[in-house]
Structure formats: C-alpha cells, structure tokens
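Per-entry structural report
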Amino acid sequence: MSAPDGIALSGVCKTFSGRGKVVEALRDVSLSCPAGSFTAIIGPSGCGKSTVMRIALGLERADAGTVRIAGQASLDAARAGVTGVAFQDAALLPWRSVKRNVEVPLEVLGRSRSTAAAHVQDMIELVGLKGYENALPGELSGGMRQRVAIARALVTHPQVLFMDEPFGALDQILRRQMNVELQRIWAETGSTALLVTHGIDEAVFLADRVVVMHAVPGRIVDVIEVPFDRPRQPSLFSDPEFHRVCDHVAEVLHGG
Amino acid sequence: MAAEPKGHWRGLRNAAVLLLIWEVVGRLDLVAGGALPGFSEIVIRLYEDWGDYPRHIWATVYASTLGFLIGNAFGIGAGVIFAMSPTMLRLFRGVNIAVFALPPIAIAPILVLTLSGMAPRIALAALGVYFVTMTATVIGLSQADTRATDVIRAYGGSRWDALRLVRFRGALPSILAGLRVAAPNAVLGAILAEFGGGGRWGLGAYLLGSLGRGEPDRLWGIGLVATLIAGLSYAGFALLASRTLGATRAVTLNTAVPETDTGNRSLAVRIALTLGTIALPFIMWWGFIKLTGVPDLISKTPWGVVQYLFLGPTAESAQSRLLAALAETLPITFVGMAAGLLFAFLLAISSRLFPRAIEAFLPVALVTQTMPLVALTPLLVLILGRGTSLTLWVTISVTFFPAFVTLAQGLALVPRSAEDVPRAYGASRWTEMRMVTLPASLPYLFAATRLTVPRALLGVMIAEWLATGKGLGNLLNQSRGFLDYGMIWTVAAVSVLLSVIFYQLVVIVEKRVLRRLGMATAE
C-alpha cells in the first residue's frame, strides 16, 4: 500500500450566507496532494482559494465533502501536530518576542519548550533571523515578520505545510529571495506543501502542480503540471520555458 | 427550533421582554418593598405630575443647551489651536487632564459661590462638553489624509489653506461623533449642578426635592424624563451625523488626553514646558477668581487654600476633618472601581466565549452610555437605602457600563488572523483566550481604567453627598451649610488633584507595561 495522500479533499462544497445574500464559495472542490509534493492554488480574488485552505485546516466547516490530512480528520491532524501554517499577514502576536512567537504552536500542542529550544533556534536561523530572537514584531520589517511566520509554521516538524499568501505583503525583489529560500526549506523538511497565492511566477517557480481556480462559484478549472527539475535556480525566473508555463497558467486563469 | 428573528426585531423583542419583567416585578413590589414601581405606575404618576414638569424640563434643557454651545465653541476652538500648535497642546495638558478628571459635583459648589443665576449650571454643562469635543477635534484634524494636505502644500498653500480645504472637512466625522457623546454629558452636567447649587427649578432640583417624600413612582418618573432628554440629545446628533456623512462611527469614549512628542527639544525648553503645564491650571484658577471679582472671604485663590489648610488659625481642625473624610472616601472609591472594572472585564471576556448570550446585552450597555447614571443616584437610594452598599453600587454602576463598552468594542478589534494561528493547531477556546484574547485586551483594560478613575470618585462623592453622610461628598455638603468657604475650596481642589494624580499614575503604568509588551495605547 502506498502512503496516504498528504492532503486529500473530495467533493467539498461551501456556501456563505449573510445579510440576505447567499454566496456559493466552493462548488465540488476535489484536490489530492501526494505526500512530499508542492501544490500551489492560484485564482482571482474571491475565488475561494483561502476558503479551501481554511477548510483543510479545520477553521471552517465544509457543507459537504470530506477532508483528510495525512489520513486523518483536519482537527485531529492539527492536534497531533501534523500541520504547520503561515497566514497572509504574518499574524504575529505583537506582545511576544520573535522566539516566543515561534513557540506558539509548541505551547498550543502542549509540547515541552525546553526540549525544543535548540530546534526553535534552528528555525529562527533557517529563516535568517539570528540575533533577532528577542525582538518584538513591531521592531521588524514586513519581510522579517513574514519570515518569523514561516519559522513558526515549521517549528513543529509538520508533515503538511499550509501557506496562505505568505509573501503577499513583500516587494518583488524580496519575494523572489523568499521563494528561493522557501524551496530550500521545503526540500530540507520533506513536507507536503500547499501554497495559496495570486502570483503566477511564484506558483510556477515553487510548485510541482498549479491548481487554477475561478470565482462565482469557486471551483477548480485546471491542474497544470510544472516540469522543471529541482532544486530550481533563481535563473529559472528568466528562462523562456518558465515564461511559457507562466503564460499557459495566465491563459487558463483569464480564459473562460 | 424557532427561526432567528433578525436585526432590530430582536432588539424590539428584548426591550418588550424587559418592560414586561419590569412591570411584573414592580406590580408585585418585589424590589425592596416597592422601591421599584411597575412601568405603568410610573407613567400614570408622570401623567398626574405633568403640571410640574415643563418648568423643570425647561430649566434643565436651557442650561444644558447653552452649556453645550459654549463648551463646543471652546472645545472646537481649542482643538484647532492644539492641532496646529504642539506647544500649546503640551502647555495645556495639565488643564485638559484636570477638566477630564474633575468630579463635577466637587466644583459645583464653587461655581455657585462665584457665579450667579443659571451660570453655574451652564458652566458645568460646558465643562462636560469641552473635553469630548476638544479631543474629537484634535484627533479628527490630526488624522486627516496627509497626502491630501501634501497636495495643498505642494501648490504653495499655507497651513491655514490645508486646514481649511482638507483637514477640517476630514475632521468632520470625528467632531460629529464627539458632539454625539458630548450632548448627554451636557445634560448630566446641568443636573449635577442642580444637585449642588440649590435653586428651585430643574430636573436635578426636582429629584432632590422629591427624595425625602418617599414616592418611588415620582422619582422614577423624573429619572425617566432625564434619561429621555439625554437620550434624545444623543439620538439627534447620531441622526445628524448619519444624514450628513452617510455613516456613523462607533460610540467610544475617548479617554486619552492628546499628547505631543517633545523629545527633540532642548532640556531647558522641556523643563519650562513641564513647569508651565503644571502652573497653568493654577494660574487659570487665580485668573477666574480675579475676573469674577468675588470677595476674598468667599472665593479662595490657590494661595488662599494653602493658607486655610496649613497656616490659618483653624488649619489643624481643617486638616483632620479632610483626612478623616479622605480615609472614608478613598478606600470605597478603589473597591468600587476595581469591582466595576472586574465585572466589565469578566463579562467582556466571556462575550468572546459565548457571543450569542452577550450580544443581547451590548445594546443595553450602549444605551446606558447616554443615561445620566450618576444623576439617578436618588433612585438607587430607594432600593439600597443610605448605607455603604449604596455608595458601592453607585460606583460600580457608573464604572461598569463604560468600562464594558470600551472593553467589548476593543476586543471586537482583535484581528481574526491572530486567533487563527492557535486555532489552526487545534487550540481549545481557553487556550486561545489565554494566548490571544487576554493579552490583546490589555490596552483596552488600561483605557477603561483611565475612563473610570474620575467616574468612580464622582459616584462615591454623589452617594456621600446625597445619602450616606460620609466622606468627601458629605464634607463638601456640610461646609456649604456652615458657610465654611475655605473647606469648600479645599475639598474641590483636593478632589480634582487626586483625580489628576490617579489618572497620571494609570497613564504612567500603562505606558511602561504596553511599551514593554510592544503594544500601542488604545484610543
């Protein structure tokens, strides 16, 4: 038997109702990410891509369909420490230092912080924030805060890593740097990754497969395989073949 | 299960249920042997007494309207000056804190001594308005879109042009929101002055005159009318704001006295400014007395109070009476304030755990923001008698509601994403609360404390004055009877001073704690 899929959604539907309006956020979304793969979801604003992630995390309940994370229900997976998550805005607690923010998942999961101390330090160094352990989020730049969020997502040795536009607030130059670093980190940890983004080049550079969604109702219209070998080099960003794949994604994204 | 009634229907239903419970409880005389009459009994009595009302209502409305206009003229004028000149804002900080923190009942007697006729009531109403409007103006003007003002400046416009073309229009929503909160404050100020100033007409005078007659239905009727007037004044400005601006802003009482950064000035300038800030309230006190021309025997300058309390022949007796009163007043002020804050905090926190249960309560708490709560002390006397528990409950009720509103609205601002992180790792409600909600509520707890400091002292002094015959409030009331002018001025000065000192202490602790935690002060 093969290992269970890292992330498996099947037939997920979700409608939001409020103020007399009913919005069909997701219609029959099925997605299966093999263990150790990197999947990117791309789509216009309001297509429900963040909702897919929130449902996979167990933060929202699906109206229909099933969700399995590493073979378990989402909240069980979360409580077992299988998942790691980084949100759109870094979502740091402003009153906690960098180190204490990275420790949040450990605290929630009831793991000993003292035995994990070395690992916390490793994660902070991995994202290049050595020397900033005791700084407060307010003292960091936007890019540094996003890196703290990545370190926090990785601190539990997650088998499955969820990222919702983790570099959305960064400028283009920093964003590319972070893309390269994220690939390195992901390769080192060997986790299953799901990245929600609206940057085509970011999705193509990082992912094995790009899932394209359309809005109203939110649905998956195509899954595009990305053929490039790993590790991918920054020079890939200027490769003609890279641009061909990007153009194809853009076509599916904007086409009907 | 029944379908959820939506929106305002649910509000109406809740109000109807409350009225019904009130009616039943009142008719059956369940509260303190009939101290709370049924709603219909109150309305019937109101109808019977209606002949008395017009002159009382007219007196209160007249004083509060004039006070409202004058207070706003000063508030907006000062706000513009402070927004343009950080030096002036710094210099007047002491005055502003004093106006914010002063317990109105303490200065009502000195206004009566120095001004005549309706003037004391108008002055107290204006004082209640000034602070709210001034801060709303400063905040509104300083929050104006800097890019839009840059455009004006880039075309060579002066600071005045920028103020005229951009900032004033941008400040309008903030100022209107300020007026909305200020209007019921004016009514409260007028009623408190009626308590403290004698005089025949006015709802405060009517309330006080009816207190000894043991007619709960009449007292409740007066309370209802006073609440209605304050509520209408609020609703009027809320309507005006939504008509002219298309949107209304949240009702939060701003409790931060606007500040400026003086860090980049030389030490000598900073010392001069600090000394000026401390001296200015006393200079204004002195100027006020010289201006009114009331003889020295009656009106005391700052120096006059020092002479009375430390140098005069009766200094020793004055000191011991003052200390005895303080020993009675201060402990219960702290206990009442702490209890009010604690209740508000617990309720606000649990509103995060049980949102539906508390949802019904928030409108009630918001309505109390426009009620002249302290002025309704005579009603509490009916229920609680004249003992210490009265003082405690008056204090709790005037601190609890505003603290709850501040905390609940602050907690609603905690970003969802901050709570998503622990939740995504399967955190329980309690873990989430401990890690996110409790620490995030800290700035609002401080803001609520700043707000309740002066209110607690006011609540205690009112209860002491009107009912219990203890402490500072009673000393003030007695001194009026004995024509002990020195003591009247001393109590007024000491209670304002205490309020200011407590307020400053809270601000200092708040700054230290929040800076250490990397958090910003809640506005």
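Residues numbered from 1 in each chain as written. Chains lettered and ligands numbered in written order. Predicted model: local features only at pLDDT ≥ 70, side-chain atom pairs only at ≥ 80, totals over all residues.

Details of the overall build of chain B
- From N to C terminus, chain B includes 22 helices and zero strands.
- Counting only C-alpha atoms and orienting by the principal axes, one finds that chain B spans roughly 70 × 60 × 40 Å.
- Residues counted as buried form 47% of the 523 residues belonging to chain B.
- The contacts of chain B with a sequence gap of at least 6 include a subset with a gap of at least 24, amounting to 80%. (Helix = DSSP H or I, 4+ residues; strand = E, 2+ residues; numbered from the N terminus. Buried ≥ 20, exposed ≤ 12 C-beta atoms within 10 Å, placed from the backbone. Contact = placed C-beta atoms within 7 Å.)

Topic: the environment of F404(B)
Residue and element names in this part refer to chain B.
- Among the secondary structure elements, F404 is positioned in helix α18 (residues 388-411).
- With 198 residues separating them in the primary sequence, F404 and Y206 have C-alpha atoms 31 Å apart.
- Non-local contacts of F404, meaning those with residues more than four positions away in its chain, are made with A344, L347, A348 and A365.

Looking at the packing of helix α14 (residues 315-353) of chain B against helix α21 (residues 471-481) of chain B
Residues and elements named next belong to chain B.
- Look at α14 against α21: their axes get within 6 Å of each other, and the N-to-C directions meet at 140°. Comparing their axes, α21 and α14 come out oblique. Listed contacts from α21 to R321, A325, L326, E328 and T329 of α14 are G471, L472 and L475. (Axes fitted to C-alpha atoms, helices over the stretch in contact; angles between N-to-C directions. Parallel < 35°, antiparallel > 145°, perpendicular 65-115°, else oblique.)

A few points about the pairing of strand β6 (residues 160-164) of chain A
Residue and element names in this part refer to chain A.
- With respect to burial, β6 is a largely interior element, five of its five residues being buried.
- Burial along β6 is two-sided: the face carrying V160, F162 and D164 and the face carrying L161 and M163 are both buried.
- Strand direction decides the pairing type here: strand β5 (residues 83-86) and β6, joined by four bridges, are parallel. Looking at β6, one finds that V85 is bridged to F162.
- Note that β6 and strand β7 (residues 192-197) share five bridges and pair parallel. The residue of β7 that forms the bridge with D164 is V196.
- A crossover links β6 with its parallel partner β7, the connecting element being helix α7 (residues 172-189), and its sense is right-handed. (Pairing = 2+ DSSP bridges. Right-handed = clockwise from strand over helix to strand, strands pointing away.)

Considerations on the sheet that holds strand β3 (residues 38-42) of chain A
Residue and element names in this part refer to chain A.
- An order of β5-β6-β7-β3-β8-β9 is seen for the six strands of this open sheet, with the pairing classed as mixed. Two strands close off the open sheet at either side, each with one partner strand: β5 and β9 (219-225). The mean inter-strand angle of the sheet, taken between neighbouring strand axes irrespective of direction, is 15°.

Thoughts on helix α20 (residues 429-468) of chain B
All names here are of chain B.
- Taking 1.5 Å per residue as the helical rise, α20 with its 40 residues ought to reach 58 Å, whereas the 45 Å between its terminal C-alpha atoms falls clearly short.
- Of all the bends in α20, the greatest, near 40°, is centred on L442, and the proline P443 appears no more than four residues after it.
- With its phi angle positive at about 65°, G469 sits one or two positions after the end of α20. (Expected span 1.5 Å × (residues − 1). Bend = angle between axes of the 7 residues up to and from the residue.)

Brief notes about the interface of chain B and chain A
- Taken together, the contacts link 17 residues of chain B with 22 residues of chain A.
- When residues of the side of chain B that touches chain A are traced back to their parent elements, those giving at least two are α19 (416-424) and α20 of chain B.
- In terms of residues, the side of chain B that touches chain A owes the most to one element, α19(B), which gives seven residues.
- Partitioning the side of chain B that touches chain A into residue classes produces eleven nonpolar, four polar and two charged. (Nonpolar A, V, L, I, M, F, W, Y, C, P; charged D, E, K, R; others polar.)

Details of unusual backbone geometry
All names here are of chain A.
- For the bond running from V216 to P217, omega is -10°, close enough to zero to count as cis.
- Within the secondary structure, P217 sits in the loop between β8 (209-214) and β9.
- The omega torsion across R230 and P231 is -5°, close enough to zero to call that bond cis.
- Looking at the element boundaries, P231 is found in the loop between β9 and α9 (240-254).
- Phi is positive for D28, which is not a glycine, with a value near 45°.
- Tracing the chain through its elements places D28 in strand β2 (residues 21-33).
- With 13 C-beta atoms counted inside 10 Å, the residue D28 sits in the partly exposed group.
- Even without a glycine there, the phi angle at H157 is positive, about 55°.
- Mapped onto the elements, H157 comes out in the loop between α6 (142-154) and β6.

Overview of the domain arrangement of chain B
All names here are of chain B.
- When cut into domains, chain B gives domain 1 (31-293) and domain 2 (300-523).
- Taking the mean C-alpha position of each, domain 1 and domain 2 sit 18 Å from one another.
- Facing 45 residues of domain 1, the contacting portion of domain 2 comprises 43 residues.
- When contributions to the side of domain 1 that touches domain 2 are tallied by element, the ones reaching two or more residues are α5 (93-101), α6 (104-114), α9 (159-197), α10 (203-211), α11 (216-245) and α12 (267-292).
- With nine residues, α11 is the single largest residue contributor to the side of domain 1 that touches domain 2.
- Counted by class, the side of domain 1 that touches domain 2 contains 38 nonpolar, seven polar and no charged residues. (Domains from an automatic or database assignment.)

A word on the confidence of the model for chain B
Residues and elements named next belong to chain B.
- Counting all residues, the mean pLDDT for chain B is 83, and 92% of those residues have values of 70 or more.
- When pLDDT is averaged over each helix and strand of chain B, the minimum, 68, is found for helix α15 (residues 355-359) and the maximum, 92, for helix α3 (residues 53-84).
- Confidence drops under pLDDT 50 across residues 1-5; counting only partners more than four residues distant or on other chains, this segment forms two contacts.
- Both scores are given for the predicted complex: the pTM is 0.78, the ipTM 0.77. (pLDDT = per-residue confidence, 0-100.)

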